[in-house]
2 protein chains.
Amino acid sequence: MKEKEALKKLIDTAAGRIPADVVIKNCKVVNVFSGEITEGDIAISGTQIAGIGEYEGEQVIDAQGRYAAPGFIDSHIHIESSYVSPEEIGRLLVPHGGTTIMADPHEIVNVCGIQGLDYMMEAAKRTVLDIKYELPSCVPATPFEHAGAVIDAPEMEEPITREGIAGMGEFMNFPGVIAADDGTLEKLLVAKRAGKFIDGHGPGIVGKDLNAYAAAGILGDHECSTVEEMKERLDRGMYILLRQGSACHNLSTLIKGMTPMNSRRCLLCSDDRQPKTILHEGHLDNHLRICVEEGVEPITAIRMATLNAAECFGLKDRGAIAPGYRADIVLLDDLKAFHVNRVLAAGELVAEEGNYLPEIDFYDISSVKGSVIVKDFSSDKLKMHLKSNQVNVIGILPGGVVTEKTTAEIQLDDQGEFVRDPEVDIVKVAVVERHQGTGNVACGFLKGYGIKEGAVALSIAHDSHNIIVVGVSDEEMEFAVNSLIAQEGGIVLVKDGKVIESMPMPIAGLMSDQSGEWVDEKLTAIHEKAYAELGICGDVEPVMTLCFMSLAVIPEVKLTDMGLFDVTTFSFIPVEIESK
Amino acid sequence: MKEKEALKKLIDTAAGRIPADVVIKNCKVVNVFSGEITEGDIAISGTQIAGIGEYEGEQVIDAQGRYAAPGFIDSHIHIESSYVSPEEIGRLLVPHGGTTIMADPHEIVNVCGIQGLDYMMEAAKRTVLDIKYELPSCVPATPFEHAGAVIDAPEMEEPITREGIAGMGEFMNFPGVIAADDGTLEKLLVAKRAGKFIDGHGPGIVGKDLNAYAAAGILGDHECSTVEEMKERLDRGMYILLRQGSACHNLSTLIKGMTPMNSRRCLLCSDDRQPKTILHEGHLDNHLRICVEEGVEPITAIRMATLNAAECFGLKDRGAIAPGYRADIVLLDDLKAFHVNRVLAAGELVAEEGNYLPEIDFYDISSVKGSVIVKDFSSDKLKMHLKSNQVNVIGILPGGVVTEKTTAEIQLDDQGEFVRDPEVDIVKVAVVERHQGTGNVACGFLKGYGIKEGAVALSIAHDSHNIIVVGVSDEEMEFAVNSLIAQEGGIVLVKDGKVIESMPMPIAGLMSDQSGEWVDEKLTAIHEKAYAELGICGDVEPVMTLCFMSLAVIPEVKLTDMGLFDVTTFSFIPVEIESK
């Protein structure tokens, strides 16, 4: 009955028989269908736009000649990578015009399983940002590590049908798709049977392998880094998500591959976006700025962040300012700097000049706290008992997440333990399993991090999020791990047996329960002290670099809780090189 | 299990591990995503395209350098208007590249109710043309006539959920939508709750009324006749179906309103397409020819008939030649005349050089036969007992379906019955109710038809499809109606008490069970005899003109089984004009 009344009210408003709930006057309406600007009032009834024309309303918003664009849609983001809660990401993104995000919560699901998804979905109800979740498809990312959950096809069957689950998240196991392995086929079919999309992640796939990946029904890809990759995917019917995140900056490169013929298949996404980036550069407003700087016509750019995304993901109710559409509206000062003046979400004024207006009532985090469960950890677990001083070493390549597989001759004591040479930038790195109480600890060597004092430990280590620790001595490393356990995860920097900086992340050991500003300040302090007090190399991002040292799907060599893993051969390798 | 095997086979084929079922070699692939032509083999696995590249297959089709385009999608058509069965429309359209049609069976549902829909759906299974039905939204079209069924919201609830029902058909009752009347809201909600689209029909609606129509969730409109109308609808988020049918030729006019920014919201449709048009001009191949003649870039034109339509109607499995898409492929000699060489539907070669290849096993029509049910008809029912010789007259305006409301002074005999003056082109017209046995017969006068001998009777009279009859005397009219009843509907021409030509239409009195060629021959003979033997005006289409004389939603004045109806005032008016 309520449904019918709302529809009647919407039509009555559109027809001008009753005043609108809200009318935005004096604005230039960005029409993403025609590519033109229309002058007119925007009449809103409840959560929807009733019409554009001459209207009166109960509440009048004077746009003072500004542009009105549809609310922006981020086509692919991991909230966890912002280190804040869903409620807080809403507070950060909405003032930049973001009203919908397609979020793959695969970090928290790797830690907490479906309970992590449940938390994310409940928390999402506490923000006016419309968070459309994707069900993580690859938990764990590889069989070569222990995560907090294993989500195979049977575990996916219930969650995929949920109303708040828009589709299946990025299918990172592209080798499994291309090989058509049985478990992968089962997962794909879970999504297909439920009529949900399957998002992609296909770096570097070409030719017939790409045909196979696309044939499986993969919707899009955000991992392109060249125009050639982009074009090959577009040709095969995949949407391209042009990414501009805190770590990866692909937008300026890829935008050159966009043409009038293919532009409607191009979207904008962040993937990962840290509070610093959001606070200082913005969100999709920043993407739009870059697009226009690169020569894209402004309404074409806006369409990438609105209608194109809505069409891609089947969100038929949004992506344009037109009758019947969700009243997600961004008032912009101009179409060049894209300064956001005000934001309406579902008909409600929710942000003004950078401020998020609604009160936030945060959801209880107790279901995802206490996620750092480590069994019998002590410095004994860091002993390596090496017989050879020739070892394989993970070589950091600054500015990326790819590592180099290298070797070194190290010094050993009479117990076969590593003796660090302060003149040589090689230190011990360990991954401590923190989900299942296996007691697993794997050790290896890391080159290029530059640490000269203390230790750094994190509970964010993609994608299984075990603890990763790097330090100049076993004692500092042990202290760092124990301090991290005590604070229930996050980031800790220690020096001389003291915590010199830390950011607790009680939400699954992945996210703070504090504000984005607090996280940014903490991260800034962590970075400063990492460089100034621990001596970490200036060309290395001290936190992010470590986060990816465990990700066994990115070449060349990584360390999981099960050992040193050679991604080029997809097999474990010993740390010691046998003497010839 | 079968599903998984098919997916595995598709991926294995795409990856090149196994040979394709079918491979099309030596073709130029039209890529509707990039707007470019790619050289490559098309590999097909089962019903789907596996990949484009270098492939081998069990069966090889040599395209001999031709273009391969995606199968064409007609965005709006009434099969009944072709006077043939669904199986036969498949045989006619597929050789012209049509592989999917969006069909609104509102003619047969007006006659047979949901049983008519059931028949259409069963018959559709017997053709390789993929017929996506829309559930008729306006049965009957108006409350001012008796149809064979009344389909309100409660009657729609089950059929709308059927898998073969893509959405709700053209919502012709736009005044009801704009007024937000209760019955209309209920119907709209039936579609919305089922997650199905609602197609539109909004001739002449402008401004706030158009906002109201769009706000109600109407998907598109095929009734535009000017670029202004088209642009106003596009701006409001409605798709535009550029129509080129047997009766309405809007394509050349509207194509001028298409721009690079809005082209992806423009589709192609027929609405009504008679066998003659199909046999002599083609189907969407003809639309494409016109588009290119009008200066549209060929791949942009093809996209209107493929990807754009697929996106509009949420047909995610088709509309492009790309991995995972349905293998609906048209081989074209060129991109100018669009001569269709061969057609594949769902991976199967189904047409070659104008010939439809599959055997047709027609569905039993007994459920929709015997639809002409007339109670107590005799020439007595044609008596008018007029007291005034001043009468309202329906004036035919040649070349359209709109009539003119006019008046005339006629001759009456002493019984008050009309005496035809051979020098004056005014004859009697009657509508005989043929569904419910009401015995209703309404009489009026028609000007401009030109008939000089005999009578013409039809059981096709939009949208209720009662019998309409025109003749020079009550006797000829009575004989025509009785002949029509005897042949179970269709078209009959009589002269001097003899049937001089006829086309029986046993399927609901609307469609022949014969071939398109037979229907065309019969229609040609009917036209010839109508002009030569009955003396009907050369500038009037003798059948089509009568078909629309009962359609009480098109101005200015029409005749239903309930009387003379003034569409400008939406009320019945007397035939006699009271003397002042």
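Residues numbered from 1 in each chain as written. Chains lettered and ligands numbered in written order. Predicted model: local features only at pLDDT ≥ 70, side-chain atom pairs only at ≥ 80, totals over all residues. Heavy atoms only, no water.

Enquirer: Quick one: what's the story with the overall build of chain A, residue by residue and with numbers?
Expert: Per the secondary structure count, chain A includes 17 helices and 30 strands. At 25 Å, chain A has a C-alpha radius of gyration in line with the 25 Å of a compact globule built from 580 residues. Oriented by its inertia axes, the alpha-carbon framework of chain A measures out at about 90 × 50 × 45 Å. Evaluated residue by residue, chain A yields a buried proportion of 64% over its 580 residues. A fraction of 68% describes how many contacts in chain A between residues 6 or more apart in sequence connect residues 24 or more apart. A total accessible area of about 19400 Å² is found for chain A, and carbon and sulfur atoms account for 50% of it. Here chain A contributes 51 positive and 90 negative side-chain charges, whose respective centroids are spaced 4 Å apart. (Helix = DSSP H or I, 4+ residues; strand = E, 2+ residues; numbered from the N terminus. Rg over C-alpha atoms; globule rule 2.2 N^0.38 Å. Buried < 20%, exposed > 50% of the residue type's maximum accessible area, 1.4 Å probe, protein only. Contact = heavy atoms within 4.5 Å. Areas by Shrake-Rupley, 256 points an atom, 1.4 Å probe, with all protein chains shown as cover. Lys, Arg positive; Asp, Glu negative; His and termini not counted. Charge placed at Lys NZ, Arg CZ, Asp CG, Glu CD.)

Enquirer: If you had to explain the sheet that holds strand β11 (residues 220–221) of chain B to someone new, which residues and values would you point to?
Expert: Residues and elements named next belong to chain B. If you walk across this open sheet you meet the 3 strands as β11-β12-β13, and the pairing is parallel. Pairing within the sheet leaves two strands with one partner each, and these edge strands are β11 and β13 (266–269). Here β11 runs beside strand β12 (residues 239–243); their pairing, made up of 2 bridges, is parallel. In the strand pairing of β12, aspartate 221 is matched with isoleucine 240. (Pairing = 2+ DSSP bridges.)

Enquirer: Which residues make up the relation of the copies chain B and chain A, and what values go with them?
Expert: Structural alignment of chain B on chain A gives an RMSD of 0.1 Å, achieved by rotating through 180° and translating 0.0 Å along the axis. Those values place the two copies in the arrangement expected of a two-fold rotation axis. Taking C-alpha positions as reference, the residue of chain B nearest the rotation axis is Pro260(B), located at 3.5 Å. Of the interface residues in chain B, 100% have counterparts in chain A that sit at the interface too, so the contact is made through matching surfaces. (Least-squares fit on C-alpha atoms with pLDDT ≥ 70 in both.)

Enquirer: Tell me about the sheet that holds strand β9 (residues 165–171) of chain A, and please be specific about residues and values.
Expert: Residue and element names in this part refer to chain A. Taken in spatial order, the 5 strands make up an open sheet running β6-β7-β8-β9-β10, and their pairing is parallel. Since the sheet does not close on itself, it has two edges, and those belong to β6 (72–77) and β10 (197–200), each with one partner. Looking at each pair of strands side by side, their axes are set apart by 30° on average, direction ignored. As paired strands, β6 and strand β7 (residues 98–103) are joined by 4 bridges and run parallel to one another. (Axes fitted to C-alpha atoms, helices over the stretch in contact; angles between N-to-C directions.)

Enquirer: Outline the pattern of salt bridges, supporting the account with residue identities and numerical values.
Expert: Residues and elements named next belong to chain A. Within this structure, the stated rule accounts for 72 salt bridges over all chains. Notably, a salt bridge pairs aspartate 12 with arginine 17, separated by 2.6 Å at the nearest N-O pair. The exposure class assigned to aspartate 12 is buried, which follows from its relative accessible area of 9%. One salt bridge in this structure joins lysine 405 and aspartate 566, with 2.8 Å as the shortest N-O distance. Here lysine 405, found in strand β19 (residues 403–409), pairs with aspartate 566, found in strand β29 (residues 563–566); they are 161 residues apart in sequence, far enough to count as distant. On the basis of relative accessible area, aspartate 566 is assigned to the buried category, the value being 2%. The structure contains a network of salt bridges with shared partners spanning Asp130, Lys132, Asp317, Arg318, Arg326 and Asp328. (Salt bridge = Lys/Arg side-chain N within 4 Å of Asp/Glu carboxyl O.)

Enquirer: Tell me about unusual backbone geometry, and name the residues and values.
Expert: The step from Val139(A) to Pro140(A) runs through a cis peptide bond, and the omega angle for that step is -5°. Within the secondary structure, Pro140(A) sits in the loop between β8 (130–135) and α5 (153–160). For the bond from Pro555(A) to Glu556(A), the omega torsion is -5°, close enough to zero to count as cis. Structurally, Glu556(A) is set in the loop between α17 (542–547) and β28 (557–560). Residue Ala180(A) is not a glycine yet carries a positive backbone phi of 55°. Tracing the sequence through the fold places Ala180(A) in the loop between α6 (174–179) and α7 (182–193). We note that Asp496(B) has phi near 50°; this positive angle belongs to a residue other than glycine. Inspection of the secondary structure puts Asp496(B) in the loop between β26 (490–495) and β27 (498–504).

Enquirer: Can you lay out the interface of chain B and chain A for me, pointing to particular residues and giving the numbers?
Expert: Facing 56 residues of chain B, the contacting portion of chain A comprises 56 residues. Across the interface of chain B and chain A, roughly 4600 Å² is buried in total on both sides, 56% from carbon and sulfur atoms. Counting every contact that joins chain B to chain A gives 8 salt bridges. The residue Arg265(A) makes a salt bridge to Glu311(B) at a minimum N-O spacing of 3.0 Å. (Buried area = accessible area lost by both parts, 1.4 Å probe.)

Enquirer: Pulling in residues and values, what's your account of the nonpolar core?
Expert: A general trend in soluble globular proteins is that nonpolar side chains are found buried together. Ile42(B), Ile108(B) and Ile329(B) are the most contacted members of the largest nonpolar core, which has 195 residues in total. Apart from residues lying up to four places away in sequence, Ile42(B) is in contact with Val22(B), Val23(B), Ile24(B), Cys27(B), Val29(B), Ile49(B), Gly51(B), Ile52(B), Ala68(B), Ile321(B) and Ile329(B). Counting residues in hydrophobic clusters, the runner-up holds 194 residues, among them Val177(A), Leu382(A), Val431(A) and Ala43(B). (Core = buried A, V, L, I, M, F, W, Y, C linked by side-chain atoms within 4.5 Å.)

Enquirer: Can you explain the pairing of strand β3 (residues 48–53) of chain A? Please cite residues and give values.
Expert: Residue and element names in this part refer to chain A. In this structure, strand β2 (residues 36–45) lies alongside β3, joined through 5 bridges in antiparallel fashion. Bridge assignment links isoleucine 44 to a residue of β3, and that residue is isoleucine 49. From the end of β2 to the start of β3, which pair antiparallel, there are 2 residues, and glycine 46 there has a positive phi angle of about 60°.

Enquirer: Explain the confidence of the model for chain A residue by residue, including any values.
Expert: Across chain A, the average pLDDT comes to 96, with 99% of residues at 70 or higher. As scored by the predictor, the complex reaches a pTM of 0.95 and an ipTM of 0.95. (pLDDT = per-residue confidence, 0-100.)

Enquirer: Could you give an account of the packing of α7(A) against helix α1 (residues 2–14) of chain B, naming the residues involved and the relevant values?
Expert: Following both chains from N to C, one finds α7(A) and α1(B) inclined at 115°, their axes separated by 10 Å at the closest point. Classed by the angle they form, the pair α7(A) and α1(B) counts as roughly perpendicular. In this structure, α7(A) crosses over α1(B), and the sense of that crossing is right-handed. On the side of α7(A), the interface is formed by Asp182(A), Leu185(A), Glu186(A), Leu188(A), Leu189(A), Lys192(A) and Arg193(A), while α1(B) contributes Glu3(B), Lys4(B), Leu7(B), Lys8(B) and Ile11(B). When grouped by side-chain class, the residues that make up the contact of α7(A) with α1(B) number 5 nonpolar, no polar and 7 charged. (Parallel < 35°, antiparallel > 145°, perpendicular 65-115°, else oblique. Left-handed = near helix turned anticlockwise from the far one by under 90°. Nonpolar A, V, L, I, M, F, W, Y, C, P; charged D, E, K, R; others polar.)

Enquirer: An account of the environment of Gly202(B) is needed here, citing residue identities and associated values.
Expert: Residue and element names in this part refer to chain B. With respect to the element layout, glycine 202 can be found in the loop between β10 (197–200) and α8 (207–215). With relative accessibility at 0%, the residue glycine 202 sits in the buried group. For the pair glycine 202 and proline 175, spaced 27 residues apart in sequence, the C-alpha separation works out to 9.3 Å. Apart from the residues within four sequence positions on either side, glycine 202 is in contact with Phe174, Tyr213, Asp221, Glu223 and Arg233.

Enquirer: I'd love a proper account of helix α12 (residues 284–293) of chain B, names of residues and values included.
Expert: Within α12(B), 8 of the 10 residues are buried, which leaves it mostly tucked inside the rest of the structure. Every buried residue belonging to α12(B) is among Leu284(B), Asp285(B), Asn286(B), His287(B), Leu288(B), Ile290(B), Cys291(B) and Val292(B), and all of these are buried.

Enquirer: Could you give me a rundown of the state of the cysteines, with the residues and numbers involved?
Expert: All names here are of chain B. Taken as a whole and judged by the stated rule, the model has 0 disulfides over all chains. Left unpaired, cysteine 224 is separated from the closest cysteine sulfur, that of cysteine 266, by 9.5 Å. Judged by relative accessible area, which is 1%, cysteine 224 ranks as buried. (Disulfide = S-S within 2.5 Å.)

Enquirer: Lay out the side chain of Asn466(B) in plain terms, naming residues and giving numbers.
Expert: Residues and elements named next belong to chain B. Its place among the elements puts asparagine 466 in the loop between β24 (455–458) and β25 (467–471). There is a polar contact of 3.0 Å between the side chain of asparagine 466 and the backbone nitrogen of arginine 434. For asparagine 466, the residues in contact, after removing those within four places along its chain, are His146, Val431, Val432, Glu433, Arg434, His435, Leu458, Ser459, Ile460, Ala461 and Asp561. (Polar contact = N/O pair within 3.5 Å; in protein donor to acceptor, adjacent residues only side chain to side chain.)

Enquirer: I'd like a description of the packing of aromatic side chains, backed by residues and values.
Expert: To describe a pair of aromatic rings, one takes the distance between the centres and the angle between the planes. As enumerated under the stated definition, the model contains 20 aromatic pairs over all chains in all. With centroids separated by 5.2 Å and ring planes inclined at 75°, the aromatic side chains of Phe565(A) and Phe572(A) adopt a geometry described as edge-to-face. Between the aromatic rings of Phe33(B) and Tyr325(B), the centroid separation amounts to 6.0 Å while the plane-to-plane angle is 70°, which identifies the pairing as edge-to-face. Within this pair, whereas Phe33(B) is found in the loop between β1 (20–31) and β2 (36–45), its partner Tyr325(B) is found in the loop between α14 (307–312) and β14 (329–332), the two being separated by 292 residues in sequence. Since its relative accessible area comes to 1%, Phe33(B) is described here as buried. Residue classification places Tyr325(B) among the buried positions, given a relative accessible area of 11%. (Phe/Tyr/Trp six-rings, centres within 6.5 Å; stacked < 30°, edge-to-face > 60°.)

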